[in-house]
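Examining the three-dimensional arrangement
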Amino acid sequence: MAKKVFWITIPIVIIVIILWSLASWYISTRNQLVYLEENINATWAEIDNQLQRRNDLIPNLVATVKGYAAHENEIFTNIAEARSKLAGAGNVTEKAAASNQLEGALSRLLVIVENYPQLKADQNFIRLQDELAGTENRLTVARKRYNDGVQTFNARIRFFPASIIANQMGLERKPYFEIAESAREAPKVSF
């Protein structure tokens, strides 16, 4: 009788251990996927904050430059258009494209500034340029964190067997926040 109970108990214990292990793995994997997705959302929020900060600095910078270079209307129009596209962008891809357009317009603005030595000496302009440079640095760091998080998340949801849980949760690959192709080219410098 004791042997019969023993042989019945062992398979039950083994089944319970297997089920417990599977449940633990499932819960752990699901929680990790949720954590990775929330990390992406948090890093995207930081990018959004820095984009908004840059967007808020630009009108002051443009106003300062306009005081010295009022006839440079095309660049001011380009900046205004880029800012409105960024404000209206809804997803990562649209925001990345609008951000790249704005960066290009800002680069052209800063090239124009080179033609106005008195503007380069203006304390308000210098302060705004420093704030913008700091914002660009923070944006670069936030973009890297976001893209690192996206890489980890995208890889994790494709790994088997976690991909089964990711599909069940409806998780899809996240887009990277990529820079414009023109920014990849080395600038041409002539002396």
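The structure we're discussing is the one just above.
Residues numbered from 1 in each chain as written. Predicted model: local features only at pLDDT ≥ 70, side-chain atom pairs only at ≥ 80, totals over all residues. Heavy atoms only, no water.

Focus on a nonpolar patch on the surface
- On the surface, F6, W7, I10, I14, I15, I18, L19 and L22 cluster together to form a nonpolar patch covering roughly 820 Å² of accessible area.
- Along the chain, F6 falls in helix α1 (residues 2–68). (Patch = residues over 30% accessible without salt bridge, like charges linked within 9 Å, V, L, I, M, F, W, Y side chains within 5 Å. Areas by Shrake-Rupley, 256 points an atom, 1.4 Å probe, with all protein chains shown as cover. Salt bridge = Lys/Arg side-chain N within 4 Å of Asp/Glu carboxyl O. Helix = DSSP H or I, 4+ residues; strand = E, 2+ residues; numbered from the N terminus.)

Describing the packing of aromatic side chains
- Applying the stated criterion across every chain yields a total of two aromatic pairs.
- Seen from their ring centres, W44 and F177 are 5.6 Å apart, and the 40° between their planes marks the pair as tilted. Linking W44 in helix α1 with F177 in the loop between α6 (162–169) and α7 (181–184), this pair joins segments that are 133 residues apart in sequence. The same class applies to W44 and to F177, which are both buried.
- Ring pairing ties together the aromatic residues W44, Y146 and F177, which thus form one cluster. (Phe/Tyr/Trp six-rings, centres within 6.5 Å; stacked < 30°, edge-to-face > 60°. Buried < 20%, exposed > 50% of the residue type's maximum accessible area, 1.4 Å probe, protein only.)

Re α6
- Taken together, the buried positions of α6 are occupied by A162, S163, I165 and A166. Looking straight down α6, one finds its buried side chains confined to an arc of 160°; they lie on one side. Those residues of α6 that are exposed and aimed more than 90 degrees away from the buried face are N167 and Q168.
- Taken from the residues just after α6, G170 is the one with a positive phi, measuring 75°. (Arc of directions from axis to C-beta.)

Function cannot be read off these values alone, since they describe shape.
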